[in-house]
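Here's the letter readout for the chains.
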Amino acid sequence: MIEFEVKSKKQTIGSKKGQIVWYAQPKSVQKLTNKMVVDRIVRETSLSAGDVSNALISLGAIVRDALLMGASVDLADLGSFRVYVPSSMVDKEIDVTAATLKTPKIVFTPKMQMRDSAKSVELVVDNPKRRKQQDAQGGNGSGEDDLNP
């Protein structure tokens, strides 16, 4: 579950410049550390912590080397990595050179299982203003709303 809180800020650009706008922001960012990943793999396999750590280090090196060569890397059920290099649009064909290329970016494309996991995560917004409104109307008073009503 990802829990959000309500924040506000004054817009400095765009059509809402000078207005106060409200938005949902995650309360905290949860992450698994490398040690947590290694420990979990050790529990679920017959590999040692050293074996798992070495495999992850090697995987990083292999992916880096492949991306340096311009190759994409397919990581089974996880997804694939590739380098994407956007290009500036120019008026004349003769002007297209390496200088018209923008900064390369790494693109990760998750496989269907990963995309389904992201779609299935529970999203909750803790909105004190709605909680007060619901209390006044005799609602459940939890103050939590689905982001996808």
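The sections below set out a description of the structure shown in this document. Predicted model, so just to flag it, every value in this text is computed and none were measured. (Residues numbered from 1 in each chain as written. Predicted model: local features only at pLDDT ≥ 70, side-chain atom pairs only at ≥ 80, totals over all residues. Heavy atoms only, no water.)

In this structure, Val63, Ala66, Leu67, Val73 and Leu75 together form the largest nonpolar core, which totals five residues. With near-sequence residues (within four places) excluded, Leu75 lies in contact with Leu59 and Phe81. (Core = buried A, V, L, I, M, F, W, Y, C linked by side-chain atoms within 4.5 Å. Buried < 20%, exposed > 50% of the residue type's maximum accessible area, 1.4 Å probe, protein only. Contact = heavy atoms within 4.5 Å.)

A word on the packing of aromatic side chains. Evaluation of the coordinates by the stated rule reveals one aromatic pair. The ring of Tyr23 is capped by Lys9, whose NZ or CZ atom sits 5.8 Å from the centre of that ring. (Phe/Tyr/Trp six-rings, centres within 6.5 Å; stacked < 30°, edge-to-face > 60°. Lys NZ or Arg CZ within 6 Å of the ring centre and 35° of its normal.)

Taken together, the side chains of Val83, Val85, Leu101 and Ile106 make up a nonpolar region of the molecular surface, amounting to roughly 320 Å² of accessible area. Note on placement: Val85 falls in the loop between β4 (79-84) and β5 (105-110). (Patch = residues over 30% accessible without salt bridge, like charges linked within 9 Å, V, L, I, M, F, W, Y side chains within 5 Å. Areas by Shrake-Rupley, 256 points an atom, 1.4 Å probe, with all protein chains shown as cover. Salt bridge = Lys/Arg side-chain N within 4 Å of Asp/Glu carboxyl O. Helix = DSSP H or I, 4+ residues; strand = E, 2+ residues; numbered from the N terminus.)

Further remarks concern the pattern of salt bridges. Under the criterion given, the structure shown has seven salt bridges. One salt bridge connects Glu44 with Arg40, and the closest N-O pair in it is separated by 2.4 Å. With a gap of four residues between them, Glu44 and Arg40 both fall in helix α1 (residues 34-44), about one helical turn apart. For Glu44, a relative accessible area of 54% corresponds to the exposed category. Among the residues examined, Arg40 registers a relative accessible area of 46% and is labelled partly exposed. For Lys111, the salt bridge goes to Asp74, with nearest N and O atoms at 3.1 Å. Taken as a pair, Lys111 in the loop between β5 and α3 (112-120) and Asp74 in strand β3 (residues 73-74) lie far apart in primary sequence, 37 residues in all. The class for Lys111 is partly exposed, based on a relative accessible area of 31%.

Interpretation in functional terms is not warranted from these geometric data alone.
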